[in-house]
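Listed here are the chains, written in short residue letters.
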Amino acid sequence: MTVVAAVARSTRVRPLSAADLLAEAVARAGLWERLAERAHGDPGAVAVLLTPGTSAYGDPVTAVSAALVEHLIDLLHDRGYRDATVGAARCGPDTWLAGPGLPEACRRLGYGGRTPQGNAYRVVDLSEEVGPAGFPDSSVLHGSGLARSWLDAGFRINIAKNSTHPEFGYALCLANLFGVLPQDDKHHHYRARRDGAEVVVDLLRSHPPDFHLIDAVVSSHGCAGSHVGRPLRTETVIAAPDGVLADMVGALLMGVDPVSSPLNARVLSDRGLPDAYRIDGDLTPYQGWRNPPRSLVEAVRRLAPDGRAHRLFSVAAWHVAPGTAVTDPALARLSRLLTSLIRAADANPAAAAALCAVVGAAASASSTVRAWRTGNAKDDLRRRDVSLAVDPDAYTHEDYDRITDLLRPLETVIDALPADAWQMRWQHVGHSILFGCERTVNAPYREFVRRVDISRSISYMTDYLGGRVHVVSRDAQGRPVRQIERNLYLAQPNYLAYYGGPPIDVCKLESVDYGEQRQRISWRTVSSPNGSAEYDDGSVTFLPADGGVRTRIVIRVRQRFTLPLTWQVIRPDTRPKLRDPLVQDSYQRFFTRTLDNFEAQYEGRPYRIGRPWEESDDLEASELPTQRLTEAARMLRTVASQTLTVPTPPGRLGPDGFWHVAPGDLPTRSPLLEEFRESLRPAVAGFWQGLREAAARDRRSRRTP
């Protein structure tokens, strides 16, 4: 069946009202035929859910027109579809700037519960009455729910506002889907904790909309049209059964490349366009349309979504109407300043340059902080929730069973290489590195394999940020024997993060063998979502040593990672005297710590880096830098008052003018110094404890079999 994307436009020769544009677009795109197919002759039995994008603060310029939605409800009623519900797809920083709430925001936008023709409809909050959605374990949304109104709807219509976006470039149907997800704090749960593109991909796979509309009657353009309304009458309505196709048409009308948005590019790469489609309408770009400056878009993208700076920008860039209650006065002032600068940037090149410079400086600072944490404060980094990123059904059991035979020639070469004092072997072969290492630990073999799950070996490796495992088959005891896994590590070596080196992100097929005298996991790389690796194949083997009294761990890998652009220019592969010491040092560090992690897993000691994400929208999970600034100001006032207080000397002043000190009298100590000393005590104790543990690990790692 050919999918039609209809573009209905009002022109001077053929002027049309918004209602006429809507009626024409949905008819040409085949809405009524698709509804009839779903209804099976009984329109009254189909519950239609409309999900228009709504502004957190009731700004009609950045929200879908309520009049347009109500006219669509009237069209549905005329054809017998009387069970129509508006599910408010709310996007905005309600968590931090106390917006009017959904009911009041909908009233401000014009949703009164009854259309001009007298047809009644309900308005529901898609963050309420959430039920299990059944996302598979390969999904980044596994364990998440969706509103019952979305799950139970017989036909879903996704309605997006035609607007620009400071990070994506444009935000249409796919971006509007963030609003149908239940968590109030969209940024925390669907942009920072998870990759936003993966969230949309998995939602489309499991519970997609059935039809898509773009309200471009009055659009919002400029630097941040989705955040700060800048109206432009474009007199257009776009309709299509496929959201990717609808967004492509919308982007072309804006005069931008449809894949310039990382969100749309990822969904387009994953799903593609319909096999057969047709564009019915004129694609002449809008007159007077202004897209965000490329430098601004690139600067915002450099702000890591899981960082404070990105969150601060995403919240403060929203226009807040005067008189709106706020929970953070400092953030409200910042919001007024930033939105004023955004408005000025749309008309003033100097203001646009200033905006890009400010965001660019924040991005550079954010990147530097993240790079420093990568090497020096790994526990401050956030772990990542990711999807599997590959289709498990694309591989057969034979693909897993061949892994061991594919690795055997490489392992033969690795075992023949000379070992250094750390029992490590390595050699460059064809731009990749063959590496092997081993360690014998003082742990009985049977107890070791009981405590250390061989199938989870990838997650024991150092600098592991997170991942997802999908078990394909298990043995009679329920243990995984074939599985596919995606895993993320910090940039390797860590200092490459200063040069823009991305985290290592690889998807692997894995085969696990549970022998009586040997346990082994073997893997081969099938994809790298961020292009960070060409090869990351290898194996981990557990063997009994000294008759099973101890355990021998053997690791063999073939790796080839993508270097940052700066290092590609240097071309270290042509300079062996520079390359070899760097490679030897980085591999020695990585795998020594990895072997330490295997021991820590056996001993029950913590070894994971990073912090997990909180499940709830609590203060700690959503904390913003402005709140810390407010707290810092209060602390400085307290410190100043305590510091300026003159300590009371011991004893008492006698009538003779002398101070009389009795045994046991002590001078009054500064409460500030006392507080500082008490707060420092656990840090000092923890330092010495950590030093003792590190020394013990070093002694164990130097032992030879």
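This one's a predicted model, so the numbers in the text were calculated from it and none came from an experiment.

Criteria and thresholds
- Residues numbered from 1 in each chain as written.
- Predicted model: local features only at pLDDT ≥ 70, side-chain atom pairs only at ≥ 80, totals over all residues.
- Heavy atoms only, no water.
- Helix = DSSP H or I, 4+ residues; strand = E, 2+ residues; numbered from the N terminus.
- Contact = heavy atoms within 4.5 Å.
- Areas by Shrake-Rupley, 256 points an atom, 1.4 Å probe, with all protein chains shown as cover.
- Pairing = 2+ DSSP bridges.
- Axes fitted to C-alpha atoms, helices over the stretch in contact; angles between N-to-C directions.
- Buried < 20%, exposed > 50% of the residue type's maximum accessible area, 1.4 Å probe, protein only.
- Patch = residues over 30% accessible without salt bridge, like charges linked within 9 Å, V, L, I, M, F, W, Y side chains within 5 Å.
- Salt bridge = Lys/Arg side-chain N within 4 Å of Asp/Glu carboxyl O.
- Phe/Tyr/Trp six-rings, centres within 6.5 Å; stacked < 30°, edge-to-face > 60°.
- Lys NZ or Arg CZ within 6 Å of the ring centre and 35° of its normal.

Helices and strands together make up the secondary structure of the protein, namely 23 helices and 21 strands. In the protein, of all internal contacts separated by at least 6 residues, the share reaching a separation of at least 24 is 72%. About 32,000 Å² of surface is accessible on the protein, with carbon and sulfur atoms providing 54% of the total.

In spatial order, the strands read 12-13-19-18-17-16-15-14; together these eight strands make up an open sheet with antiparallel pairing. Sheet topology places strand 12 (424-429) and strand 14 (464-474) at the edges, where each strand pairs with a single neighbour. With direction set aside, neighbouring strand axes in the sheet form an average angle of 15°. Pairing of strand 16 (residues 504-514) with strand 17 (residues 519-527), which is carried by eight bridges, proceeds in the antiparallel orientation. By the bridge assignment for strand 17, Cys507 is matched with Ser527. Taken strand by strand, helix 20 (residues 576-603) contacts strand 12, strand 13 (432-441), strand 18 (533-545) and strand 19 (550-561), and its axis lies near 35° from that of strand 13.

Once that is clear, we can look at the pairing of strand 9 (residues 211-220). Of all the ten residues making up strand 9, nine are buried; the element is thus mostly covered by neighbouring parts of the structure. Judged from the six bridges that link them, strand 7 (residues 155-165) and strand 9 form a sheet pairing that is parallel. The residue bridging Ile157 from the neighbouring strand is Phe211, located in strand 9. Relative to strand 10 (residues 231-240), strand 9 runs antiparallel, the two sharing eight bridges. Residue pairing in the sheet places Ala216 in a bridge with Thr236 of strand 10.

This part takes up a nonpolar patch on the surface. A cluster of nonpolar side chains, Trp372, Tyr495, Tyr498 and Tyr499, forms an exposed patch at the surface whose accessible area comes to about 440 Å². Positionally, Tyr495 belongs in the loop between strand 15 (480-489) and strand 16.

Next up on the list: the packing of aromatic side chains. Applying the stated criterion across every chain, the model contains twelve aromatic pairs. Between the aromatic rings of Phe448 and Phe542, the centroid separation amounts to 5.1 Å while the plane-to-plane angle is 85°, which identifies the pairing as edge-to-face. Residue Phe448 is found in helix 17 (residues 445-451), and its partner Phe542 is found in strand 18; the two are separated by 94 residues along the sequence. Relative to Phe598, the ring of Tyr460 has its centre 5.5 Å away and its plane inclined at 80°; by these criteria the two rings are edge-to-face. Of this pair, Tyr460 sits in helix 18 (residues 457-460) while Phe598 sits in helix 20, and the two are 138 residues apart along the sequence. Looking at Tyr460, the relative accessible area reads 4%, which means it is buried. Note on Phe598: relative accessible area 0%, which makes it buried. Feature note: the residues Phe435, Tyr464, Tyr489, Tyr587, Phe590 and Phe591 constitute an aromatic cluster, connected by ring pairs. The residue whose ring lies beneath Arg79 is Trp32, and the NZ or CZ to ring-centre distance is 4.1 Å.

Just geometry here; none of it tells us what the structure is for.
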